[in-house]
Amino acid sequence: MRLSSLADYAVVMMSAAARVCGATRLNATLLAEETGLPLPTVQKLVSKLSTAGLIESSRGTGGGFRLARPPATISLADIVEAIEGPIALTACVDAGSHDCVVEGNCRVKPHWNAVNGAVRGALAGVSLATLSRLPGAAVAAKSDVSLGVPA
């Protein structure tokens, strides 16, 4: 399983936005410079993430965008689903016709929803706050949580 480039870029972009969360409004040009992503890609992602309710944007002087919620309440699953749609490892769980030759007799199909739920749960367990920390800080925070000390 591999995320699309757009989903990966959305995570990079949201992580950069989380690092300045609340400090200032961002604009696509500044975020493109900060992340090294092409400006058209950042603009496309701003639109998708805004539609998903993960960022709020405003036009005009003083406009820009910011996270719609605190980074601790935005999960990796939220970001991936905003770009990719619902997390599903196989197409057979989606409504509609499929090209699977064994679909009529498949004994695995009934289990894919549980698998998809487990993958989504794992991604939901990673917050944007964690993703936006420096790697050493993320390890320290994880250690603190395992000791029962809030991060």
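Residues numbered from 1 in each chain as written. Predicted model: local features only at pLDDT ≥ 70, side-chain atom pairs only at ≥ 80, totals over all residues. Heavy atoms only, no water.

Colleague: Please clarify how the overall build of the chain should be interpreted in this entry.
Modeller: Secondary structure summary: the chain contains seven helices and two strands in total. Considering the chain as a whole, with its 151 residues, one finds that 28% of them fall into the buried category. Of all intrachain contacts in the chain linking residues separated by at least 6 positions in sequence, the fraction that spans at least 24 positions is 61%. Just so you have it, the chain exposes about 9,200 Å², and 56% of that area is on carbon and sulfur atoms. (Helix = DSSP H or I, 4+ residues; strand = E, 2+ residues; numbered from the N terminus. Buried < 20%, exposed > 50% of the residue type's maximum accessible area, 1.4 Å probe, protein only. Contact = heavy atoms within 4.5 Å. Areas by Shrake-Rupley, 256 points an atom, 1.4 Å probe, with all protein chains shown as cover.)

Colleague: Help me understand a nonpolar patch on the surface, please; the structure alone is not making it clear to me.
Modeller: On the surface, a cluster of nonpolar side chains totalling about 300 Å² of accessible area is made up of Met1, Leu89 and Val115. Along the chain, the position of Leu89 falls in the loop between α4 (76-84) and α5 (112-124). In this structure Leu89 comes out as partly exposed when scored by relative accessible area, which is 37%. (Patch = residues over 30% accessible without salt bridge, like charges linked within 9 Å, V, L, I, M, F, W, Y side chains within 5 Å. Salt bridge = Lys/Arg side-chain N within 4 Å of Asp/Glu carboxyl O.)

Colleague: Could you clarify how one ought to interpret the layout of surface pockets in this entry?
Modeller: Looking at the largest pocket, its volume works out to about 210 Å³. The wall of the largest pocket is formed by Asn27, Ala28, Gln43, Val46, Ser57, Ser58, Arg59, Gly60, Gly63, Gly64 and Phe65. Among the secondary structure elements, those contributing two or more residues to the lining of the largest pocket are α3 (39-51), β1 (55-58) and β2 (64-67). Among the residues forming the lining of the largest pocket, the class breakdown is three nonpolar, seven polar and one charged. A volume near 170 Å³ is recorded for the second largest pocket. Grouping the amino acids of the lining of the second largest pocket by side-chain chemistry returns eight nonpolar, one polar and two charged. (1 Å grid on protein atoms, 1.4 Å probe; cavity = no way out; pocket = protein on both sides within 12 Å on 5 of 7 lines; lining within 4 Å. Points joined across faces, edges and corners; volume = space filled by probe spheres on them. Nonpolar A, V, L, I, M, F, W, Y, C, P; charged D, E, K, R; others polar.)

Colleague: Honestly, the confidence of the model for the chain in this entry has me stumped. Any pointers?
Modeller: The predicted coordinates should not be examined in detail at positions where pLDDT is low. In this model, the chain carries a mean pLDDT of 85, and residues with pLDDT of at least 70 account for 85%. Taken element by element, the predicted model of the chain shows its lowest mean pLDDT in helix α7 (residues 135-146) (50) and its highest in α4 (97). (pLDDT = per-residue confidence, 0-100.)

Colleague: Is there a simple way to explain the pairing of β2 in this structure?
Modeller: In the case of a regular strand, side chains alternate between the two sheet surfaces. The pairing of β1 with β2 spans four bridges and is classified as antiparallel. Note on β2: the bridge partner recorded for Ser57 is Phe65. Taken together, β1 and the strand that follows it, β2, pair antiparallel across an intervening segment of five residues, in which Gly60 is found at a positive phi of about 90 degrees. (Pairing = 2+ DSSP bridges.)

Colleague: Got a minute to help me understand the side chain of Thr41 in this structure?
Modeller: With respect to the helices, strands and loops of the structure, Thr41 is situated in helix α3. By relative accessible area, Thr41 is classed as buried at 18%. Setting aside chain neighbours within four positions, we find Thr41 in contact with Leu6 and Tyr9.

Colleague: In this structure, what is going on with the nonpolar core? I would like to understand it.
Modeller: Here is a general trend for soluble globular proteins: nonpolar side chains tend to be buried in one another's company. In terms of nonpolar packing, the biggest core is built from 31 residues, with Met13, Met14, Val42, Leu49, Leu67 and Ile79 touching the most fellow members. When residues of this core are traced back to their parent elements, those giving at least two are α1 (5-19), α2 (28-35), α3, β2 and α4. Sorting elements by how many residues they give to this core places α1 first, with eight residues. Those residues within four positions of Ile79 in sequence are excluded, and the remaining contacts are Ala10, Val11, Met14, Leu49, Leu54, Ile74 and Leu128. (Core = buried A, V, L, I, M, F, W, Y, C linked by side-chain atoms within 4.5 Å.)

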